[in-house]
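Below, each chain spelled out in residue letters.
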Amino acid sequence: MKKKWIVSIIILFIFVIFVINIKNRIEDKADIQNVNTDKNEEVYFKELYTKSDIQKFRYDEEGFYPYSLLYYNGKIYTSDNTINCNIVDNKPDIKELSKVYGNSAFCWSEDSNMLLEVTEEGTIYEADGYSDDYRICLYYKETNAESNKSCYIKKYFDCFNGMYLSYGRDLFKDILHLENTEKIYIGDDREISNTRWTEVLDKDINFKEFYNALCNSRILQPEVIEKIYSYYILDGGCVLQLEDKNGVKTILEIYLDGYVVFKSSDKQHFFIVKINEEYCSQIYSNLK
């Protein structure tokens, strides 16, 4: 009899915890849905790195390095090591900005004395169509130790921190220049490595109106962003990959409840706007 009472108490306790969690999720979702997206405030995205992050970097063969850092003109840029990183035949015929030096191709600086070890040399150029305050292009030569064959690696670095944003246009138009999109792909998984991409046309997703909606929406405050991602309450959605004439990719997460998410290349800053749900539903309907 005593064992049955103990089992009953444990079951009751688990049920109460379950009910409390459900109640919290419902309340959090209501809080987010009621957020004032017209609030006239600038949102500050703080600086995340310092020169010491580059100065102290020491490569570890067993380490995991999902992004790279580059110090240039007093700012630190970041680059995803998979997206916007390609092998090319030669250097570009565009404006050169500076010579840079690399430590194991993960930390770069225009000042070689900042690095514990110099293992590569490269050159940074203007990223065609972008301000070098926010995006630059690195080229460096890589040689295969076994075959002794060389190739050029092209990587785009972004600086999306230490800045104030108010409207979506401050990001999507003035920085990312999504109006220059030439190719659009839709995917079914937020984990980019698992996503199956399908090319779609502008008209399929009503891109012009979608882009205008992004620009006219407010950038959401960090506390709202934290709730969205800590409670996983976003309804199902998809991802868009937008490419410009140079093949520069911008990834947007699209959710059926109207949220659109852009993440910095180091995945430390999330930029979120809320638009009319109909735009997101139309995009989602193109998944095959």
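Reference entry: report on the structure contained in this document. (Residues numbered from 1 in each chain as written. Predicted model: local features only at pLDDT ≥ 70, side-chain atom pairs only at ≥ 80, totals over all residues. Heavy atoms only, no water.)

Examining the environment of Gly237
- Here Gly237 is to be found in strand 13 (residues 237-243).
- Here Gly237 falls in the partly exposed class, since its relative accessible area comes to 23%.
- Excluding residues within four positions of it along the chain, Gly237 makes contact with Ile254, Tyr255, Tyr284 and Leu287. (Helix = DSSP H or I, 4+ residues; strand = E, 2+ residues; numbered from the N terminus. Buried < 20%, exposed > 50% of the residue type's maximum accessible area, 1.4 Å probe, protein only. Contact = heavy atoms within 4.5 Å.)

Re the side chain of Asp266
- Structurally, the position occupied by Asp266 is in the loop between strand 15 (259-263) and strand 16 (270-274).
- For the buried residue Asp266, which engages in no salt bridge, the nearest side chain bearing the opposite charge is Lys267, 7.2 Å off.
- There is a polar contact of 2.5 Å between the side chain of Asp266 and the side chain of Tyr49.
- Engagement of the side chain of Asp266 in a polar contact is seen with the side chain of Ser264, the distance being 2.5 Å.
- When residues no more than four places from it in sequence are discounted, the contact partners of Asp266 are Leu48, Tyr49, Tyr67 and Thr78. (Lys, Arg positive; Asp, Glu negative; His and termini not counted. Salt bridge = Lys/Arg side-chain N within 4 Å of Asp/Glu carboxyl O. Polar contact = N/O pair within 3.5 Å; in protein donor to acceptor, adjacent residues only side chain to side chain.)

Remarks on the packing of aromatic side chains
- Tallied over the entire structure, the rule returns 15 aromatic pairs.
- With centroids separated by 5.6 Å and ring planes inclined at 85 degrees, the aromatic side chains of Tyr125 and Tyr139 adopt a geometry described as edge-to-face. With Tyr125 in strand 7 (residues 120-126) and Tyr139 in strand 8 (residues 135-143), the pair connects residues that are 14 residues apart, well separated along the chain.
- Assessed through its relative accessible area of 5%, Tyr125 is described here as buried. (Phe/Tyr/Trp six-rings, centres within 6.5 Å; stacked < 30°, edge-to-face > 60°.)

Considerations on the pairing of strand 7
- Most of strand 7 sits inside the fold, with five of its seven residues counted as buried.
- Strand direction decides the pairing type here: strand 5 (residues 96-103) and strand 7, joined by six bridges, are antiparallel. Each bridged residue has a counterpart across the sheet, and for Ser98 the counterpart in strand 7 is Ile124. (Pairing = 2+ DSSP bridges.)

Concerning the sheet that holds strand 15
- Read from one edge to the other, the open sheet built from six strands follows the order 12-11-13-14-15-16, with strand pairing classed as antiparallel. Since the sheet does not close on itself, it has two edges, and those belong to strand 12 (198-200) and strand 16, each with one partner. If you compare each strand with its neighbour and ignore which way they point, the axes differ by 30 degrees on average.
- In terms of strand pairing, strand 11 (residues 183-187) meets strand 12 through three bridges, oriented antiparallel. Across the sheet, the residue bridging to Ile186 is Thr198, located in strand 12. (Axes fitted to C-alpha atoms, helices over the stretch in contact; angles between N-to-C directions.)

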